[in-house]
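These are the residues of each chain, in order.
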Amino acid sequence: MRSLEALTLDQVVDTARYPLSELASARGQAVVSRARRDLLTLGCTVLPDFIRLSLRDVLRQECSAIAPRAHHDVETVNVYNIAVDSALPEDHPGRKTFERGNAFVARDRIPADSLISRLYSNMVFRHFIARCFELPELHELADPLSGLVLNVIAPGMEHPWHFDTNEFTVSMLTQQAQAGGVFEYCPNIRTAQDENFDDVRDVVDDRGERLTRRLPLQPGDLQLFKGRYSLHRVSPVRGEVARHSAIFAYSERPGVIGSVERTRQLFGRVLPEHLAAEGRAVRGDRLLD
Ligand SMILES: O=C(O)CCC(=O)C(=O)O
Ligand SMILES: [Fe+2]
């Protein structure tokens, strides 16, 4: 007998190709080992057509219906997400600034019965993600806004080059741009020991072609990414249609809530949970970039 949760997952995910509840099977093992190998070598793996093809349009429509709920606030940033006015040496790549023009729909504005919400909260899915990242366990964020977000990049906007503060990100394109809006990344351009400023400078100054890979993503593809060492961006969106992607944020320990300052920046508001957590010791890292 399959559990109700597994059945729901079966309806959403192509479980013939990705048998999430049978990871010990030959197919399950192959899926996990391919993801691990990609993550080890490139810091990135894509699981094509993860969502059943018959639901691709539902996925797109559900997310495009809530996109108008995004908080828009263009922010001036650099690749390290440190203060742009910090006193950096003349040739430091952190001196190059970009306009971060993407906007986020917060979790409390995403219907609980939408495909992306059901996937985010599904235990079997979460366990599968943990296995791919070789982590013992993952938790949903306790943060009522940033656990699950829809990242909306309107025509003319971009999500510029950056490193993530988080070790790993799980995301899913739900709507493609007509042109541009491509996920680009430079695998392992830095390590914990070496910032490799020379190559990072080449990339931000548009001389990094040799270091850059592009992902030809389709709506419903699942992307696992380790963005701490791989510089990445979504290139400027062209044409008439916004690019949408769902970002599933998980943490290794329970109870993670974003800081008041960062939450206000990302969503334009905070909730009582953020204010309460600010005073306590358990508090998350920065959650989205
Ligand atoms: O929307 C995407 O595909 C990329 C998002 C990203 O890089 C981030 O949120 O840190
Ligand atoms: Fe990122």
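Quick notes on the rules
- Residues numbered from 1 in each chain as written.
- Chains lettered and ligands numbered in written order.
- Predicted model: local features only at pLDDT ≥ 70, side-chain atom pairs only at ≥ 80, totals over all residues.
- UniProt positions renumbered as here; feature names shortened; annotations may be inferred.
- Helix = DSSP H or I, 4+ residues; strand = E, 2+ residues; numbered from the N terminus.
- Pairing = 2+ DSSP bridges.
- Axes fitted to C-alpha atoms, helices over the stretch in contact; angles between N-to-C directions.
- Contact = placed C-beta atoms within 7 Å.
- Buried ≥ 20, exposed ≤ 12 C-beta atoms within 10 Å, placed from the backbone.
- Arc of directions from axis to C-beta.
- pLDDT = per-residue confidence, 0-100.

**Notes on the UniProt feature "domain: Fe2OG dioxygenase" (unreviewed entry) in the protein chain**
Per the UniProt record, "domain: Fe2OG dioxygenase" (unreviewed entry) is found at residues 143-254. From the first C-alpha to the last, residues 143-254 spans 10 Å; its make-up is 7% helix and 39% strand.

**Overview of the sheet that holds strand β8 (residues 169-175)**
As summarised here, the arrangement of the six strands in space is β1-β12-β8-β15-β6-β4, forming an open sheet in which the pairing is antiparallel. Sheet topology places β1 (44-47) and β4 (103-105) at the edges, where each strand pairs with a single neighbour. Strand-to-strand twist in this sheet, taken as the mean axis angle between neighbours without regard to direction, amounts to 25 degrees. One ladder, built from four bridges, connects β1 with strand β12 (residues 222-225); its direction is antiparallel. Bridge pairing in β12 links Leu47 to Leu222. Helix α3 (residues 56-66) contacts β4, β6 (148-153), β8 and β15 (243-248) of the sheet and is inclined by roughly 95 degrees relative to β8.

**With respect to helix α6 (residues 197-204)**
Considered for burial, the residues of α6 that qualify are Val200, Val203 and Val204. Buried positions in α6, seen along its axis, are confined to an arc of 90 degrees and lie on one side of it. Where α6 is buried, its residues contact β7 (159-162), β10 (183-186) and β13 (231-234). Among the residues trailing α6, Asp206 stands out with phi positive, at a value near 65 degrees.

**Quick word on the confidence of the model for the protein chain**
Here the protein chain shows a mean pLDDT of 93. Residues at 70 or above account for 94%. Predicted as a complex, the structure gets a pTM of 0.93 and an ipTM equal to 0.98.

**Describing the pairing of β12**
Taking every second residue as pointing to the same face, both faces of β12 are buried, with Leu222 and Leu224 on one and Gln223 and Phe225 on the other. Pairing of β8 with β12, which is carried by four bridges, proceeds in the antiparallel orientation. Paired with Val170 across the strands is Leu224, a residue of β12.

**Observations regarding unusual backbone geometry**
Notably, Asp49 is not glycine yet its phi reads approximately 50 degrees, a positive angle. Here Asp49 is to be found in the loop between β1 and α3. Assessed through the 16 C-beta atoms surrounding it within 10 Å, Asp49 is described here as partly exposed. In this structure, Glu134 is a non-glycine residue whose phi angle is positive, near 60 degrees.

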